[in-house]
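What follows is each chain in one-letter form.
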Amino acid sequence: MEQNSLCGQRNISMLMDLYELTMTNGFFLLGKGQEKTVYDMFYRRNPDDGGFTIFAGLEQTLEFIECFHFTDRDIDYLNSLGMFASEYLDYLRGFKFTGDIYAFREGTVAYPDEPLVTVMAPLIEAQIIETAMLSQLNHQSLIATKANRIVRAAQGRAVADMGARRAHNADAAIYGARAAYIGGVNNTATVIAGEMFDIPVTGTMAHSWIMAFESEYEAFRSYADIYGSRSVFLVDTYNTLESGVPNAIRVFNDLLKPRGERLRGIRIDSGDIASLSKKARKMLDEAGMTDCLIVASNSLDEGTIGSIISQGGCIDIFGVGERLITAKSDSTFGGVYKLTAMERDGKWEPKIKVSDNVAKITNPGLKSIYRIYDSEGASVGELITHHSDTIPDPATLDCVSSDKPWQHVNLKGCRLQPLQVKVMERGKRLFPKKPLSEIQDYVRHQLSTEVRPEEQRFYNPDSHPVLMSRDYYDMKVNLLSKISNLHRADK
């Protein structure tokens, strides 16, 4: 169970870009700070050009927002910058988030350009949480997605997170371990993550244990004398096949077997892992140690794991470190946070960001987002519509694909499922924390029953269509046309 939290242990409300303060100071002075707004958090491209993303980090985001406040020390520092009005700083002294938040369930398989989180709050409140929220969601979604790629590459073999020492800092190690577990790893070597999040912990030994003894045999025997059947020996300190594996077998025969115990496993951390593991497996089996597991580590990722398996490598557990915890092949997640609507005369007025880069044009307005399921329960697309509290009838919807608007899409026979639920109301969370194992099971369920295999390919996956209702699409096009006309008039 989680022992630490962002609330009470430390205050990270000052985790923000300066522009959040300069803008909100300006909103305050101009009397715009309490105008009601809608902001969406979304992203534009899946990591590693994959078929989907695993949405993670919601728990820490909600915890941060619920606890958001400024200390006297924070206010003194901001005052020392000489940039902010005293009335604004007085406002910050009593700041509390009072808005509503809608979000995908944590662990949801997600796709580009759909609102993962929607914030409805006064302008200052919605703007000032931007950086801290994105830092949580971007990091954990990135690591969860990378971990899931690695887990899928392992094809049912266990995967352990062993990346803490290569993480970019302590928080990256801790919350990276959390995200990796959501993504599907079986356990972590990071003890604090085990304590905080109830993740099963695992570990073997380092080379220094073996080098601290006069011989490798003595090192293995001493370890086994203490840990018995839980022992996993690191066999590559000197020579994997000529020394390490033979000494592991010898300790099993000399100590463990007479005590009625088994050797849990050996770990190979260098060399040609595919070749070494096959030869080690043969040696262990011939010694009657068919239940002894082989663990592989050393700069593994989905590519090397897939290669080892394709070459017949005899690996039972993959210990993955730096390339998991840093998402080495694609180390950023491009989540953004954009204003999409403001209240005017009791109605939501849509707002849109326009760009010469078509991919950066935002989806305006207060929206509803649905997952489309076919008659067999497979997820075949997403649907964006104007916001509604009732689920539309798919048979009567006129839908278009935003990149192929000339094509009519028929959803007859399909089922729609809302993806966002209200998770915070007036600054208070509406649901208790979920066990991390439940979130992991949710990810596993989606990938095994809903997400099409074509979208799970590592390379050139099939795209997942994001559709728009005709009414919503027409509103977006009309808004773009209106802005274009205004721009020409200004010239």
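Keep in mind that this is a model prediction, so the values were computed, not measured.

(A) Representation of the side chain of D48 in the model. Tracing the sequence through the fold places D48 in the loop between β1 (36–42) and β2 (53–54). On the accessibility criterion, D48 (17% relative accessible area) is buried. A polar atom in the side chain of D48 sits 2.8 Å from the side chain of S329. If near-sequence neighbours (up to four positions away) are discounted, D48 is found in contact with K146, R149, E302, S329, D330 and F458.

(B) Representation of the pattern of salt bridges in the model. Counted by the stated rule, this structure contains 34 salt bridges. One salt bridge in this structure joins K282 and E286, with 2.6 Å as the shortest N-O distance. Of the two residues, K282 and E286 both sit in helix α13 (residues 273–286), four residues apart, roughly one turn of that helix. Neither residue differs from the other here; K282 and E286 are each classed as exposed. Overlapping salt bridges, with partners in common, bring together D48, K146, R149 and E302 in one network.

(C) Geometry of unusual backbone geometry. In this model, Q155 sits at a positive phi of 55 degrees, which is unusual for a non-glycine residue. With respect to the helices and strands, the residue Q155 is situated in the loop between α7 (130–153) and β6 (158–161). Phi is positive for D345, close to 55 degrees, though the residue is something other than glycine. Along the chain, the position of D345 falls in the loop between β12 (336–344) and β13 (347–350). Since its relative accessible area comes to 82%, D345 is described here as exposed.

(D) Representation of the packing of helix α12 (residues 240–256) against α13 within the structure. The interhelical angle for the contact between α12 and α13, taken along N-to-C directions, is 35 degrees, at an axis separation of 11 Å. α13 is crossed by α12, and the crossing has right-handed handedness. Between α12 and α13, the residues in contact are T240, L241, V245, P246 and I249 and L276, K279, A280, M283 and L284, respectively. The class makeup of the residues in the contact of α12 with α13 is eight nonpolar, one polar and one charged.

(E) Seen up close, the pairing of strand β21 (residues 466–469). Here β21 shows a buried face lined by V466 and M468 and a second buried face lined by L467 and S469. With three bridges connecting them, strand β15 (residues 379–386) and β21 associate as parallel partners. Each residue of the ladder has a partner; that of I384, found in β21, is M468. Where strand β16 (residues 399–401) meets β21, three bridges bridge the pair, whose relative direction is antiparallel. Across the sheet, V400 pairs through a bridge with M468, a residue of β21.

(F) Quick look at helix α2 (residues 18–29). Given a rise of 1.5 Å per residue, 12 residues ought to cover 16 Å, and the 17 Å separating the end C-alpha atoms of α2 matches this to within 8%. Looking only at α2, the buried set comprises E20, L21, T24, N25 and F27. Along the axis of α2, the buried residues cluster in a sector spanning 160 degrees; they form a single face. On the buried face of α2, the contacting elements are α4 (72–80), α5 (86–93), α6 (123–128) and α7.

(G) The arrangement of the sheet that holds strand β11 (residues 317–320) in detail. Strand order in the open sheet formed by six strands is β7-β6-β11-β10-β9-β8, and the pairing between neighbours is parallel. This sheet does not close on itself; its edge strands, each paired only once, are β7 (187–188) and β8 (232–234). Here two bridges tie β6 to β7, and the two strands are oriented parallel to one another. Among the inter-strand pairings, A160 is bridged to a residue of β7, identified as N187.

(H) Here's a closer look at the packing of α2 against α5. Where α2 meets α5, the axes come as close as 10 Å, and the angle between the chain directions of the two elements is 105 degrees. Taken together, the axes of α2 and α5 are roughly perpendicular relative to one another. For the pair formed by α2 and α5, the contact residues are L21, T24, N25 and F28 on the first element and E87, Y88, Y91 and L92 on the second.

(I) Fine view of a nonpolar patch on the surface. On the surface, L18, Y77, L81 and M83 cluster together into a nonpolar patch covering about 370 Å² of accessible area. Along the chain, L81 falls in the loop between α4 and α5. Given the relative accessible area of 32%, L81 is considered partly exposed.

(J) Expanded view of the sheet that holds β16. One open sheet accounts for six strands, arranged β17-β16-β21-β15-β14-β18; its pairing is mixed. The sheet is open, and its two borders are formed by β17 (404–409) and β18 (415–418), each paired with just one other strand. Adjacent strand axes in the sheet meet at a mean angle of 35 degrees, parallel and antiparallel pairs treated alike.

(K) Representation of the environment of F55. Looking at where F55 falls in the secondary structure, it is placed in the loop between β2 and α3 (58–67). Contacts of F55, omitting those with residues within four sequence positions, involve F104, R105, E106, G107, T108, L116, V117, L137 and S141.

(L) Representation of the side chain of Q456. Structurally, Q456 is set in the loop between α16 (436–449) and β21. Classification of Q456 as buried rests on a relative accessible area of 18%. At a separation of 3.1 Å, a polar atom in the side chain of Q456 contacts the main-chain carbonyl oxygen of V451. Aside from chain neighbours lying at most four places away, what touches Q456 is F52, R152, L447 and V451.

(M) Representation of the packing of aromatic side chains. Within this structure, the stated rule accounts for 17 aromatic pairs. For the ring pair Y175 and F197, a centre distance of 5.8 Å and an interplane angle of 55 degrees mean the geometry is tilted. Of this pair, Y175 sits in helix α8 (residues 170–183) while F197 sits in helix α9 (residues 191–197), placing them 22 residues apart in sequence. Neither residue differs from the other here; Y175 and F197 are each classed as buried. What links up through ring pairs into an aromatic cluster is the set F28, F64, F68, F70, F84, Y88, Y91 and F95. Lying across the ring of Y442, R105 places its NZ or CZ 3.7 Å from the centre. The ring centre of Y217 lies 3.6 Å from the NZ or CZ of R250, which sits over that ring.

Conventions used here
- All chains use their own residue numbering, which begins from 1 and follows the written sequence.
- At least 70 in pLDDT is required for a residue's local features to be given in this predicted model, at least 80 for side-chain atom pairs to be given and counted, and no such filter applies to totals for whole chains, interfaces and linings, which use all residues.
- To obtain the side-chain values, all non-hydrogen atoms of the structure were used and water was disregarded.
- Each helix corresponds to a stretch of at least 4 residues labelled H or I by DSSP, and each strand to a stretch of at least 2 residues labelled E; elements are numbered beginning at the N terminus.
- Each residue gets one of three labels from its accessible area relative to the maximum for its type: buried under 20%, exposed over 50%, partly exposed in between, using a 1.4 Å probe on protein chains only.
- Polar contacts, as used here, are pairs of N or O atoms within 3.5 Å; protein pairs need one atom able to donate a hydrogen and one able to accept it. Residues neighboring in sequence count only if both atoms are side-chain atoms.
- Whether two residues are in contact is decided by their heavy atoms: any pair within 4.5 Å suffices.
- In the sections that follow, a salt bridge refers to a side-chain nitrogen of Lys or Arg positioned within 4 Å of a carboxyl oxygen of Asp or Glu.
- Note on geometry: axes are lines fitted to C-alpha atoms, helical ones only across the stretch in contact, with angles between N-to-C directions running from 0 to 180 degrees.
- When the near helix sits turned anticlockwise from the far one by under a right angle, the crossing is termed left-handed; a clockwise turn instead gives a right-handed crossing.
- Residues are grouped as follows: Ala, Val, Leu, Ile, Met, Phe, Trp, Tyr, Cys and Pro are nonpolar; Asp, Glu, Lys and Arg are charged; all remaining types, including Gly, are polar.
- Only strands that DSSP links by at least two bridges are regarded as paired with each other.
- Under the convention used throughout, the expected extent of a helix is 1.5 Å for every residue step, that is, one less than its residue count.
- Summarising the geometry, the arc corresponds to the directions from the helix axis toward the C-beta atoms.
- Angles are sorted into four bins: roughly parallel if under 35 degrees, roughly antiparallel if over 145, roughly perpendicular if 65 to 115, and oblique for all others.
- Patch construction takes residues with relative accessible area above 30% that form no salt bridge. Like charges are linked within 9 Å, and nonpolar side chains (Val, Leu, Ile, Met, Phe, Trp, Tyr) are linked within 5 Å.
- Accessible surface is estimated by sampling points in the Shrake-Rupley manner with a 1.4 Å probe; for residues, cover comes only from the protein chains shown.
- We call Phe, Tyr and Trp rings a pair once their centres come within 6.5 Å, taking the six-membered ring for Trp, and we label the pair stacked below 30 degrees between planes, edge-to-face above 60, and tilted otherwise.
- Two conditions define a charge sitting above a ring: the NZ of Lys or the CZ of Arg must be within 6 Å of the ring centre, and it must be within 35 degrees of the ring normal.

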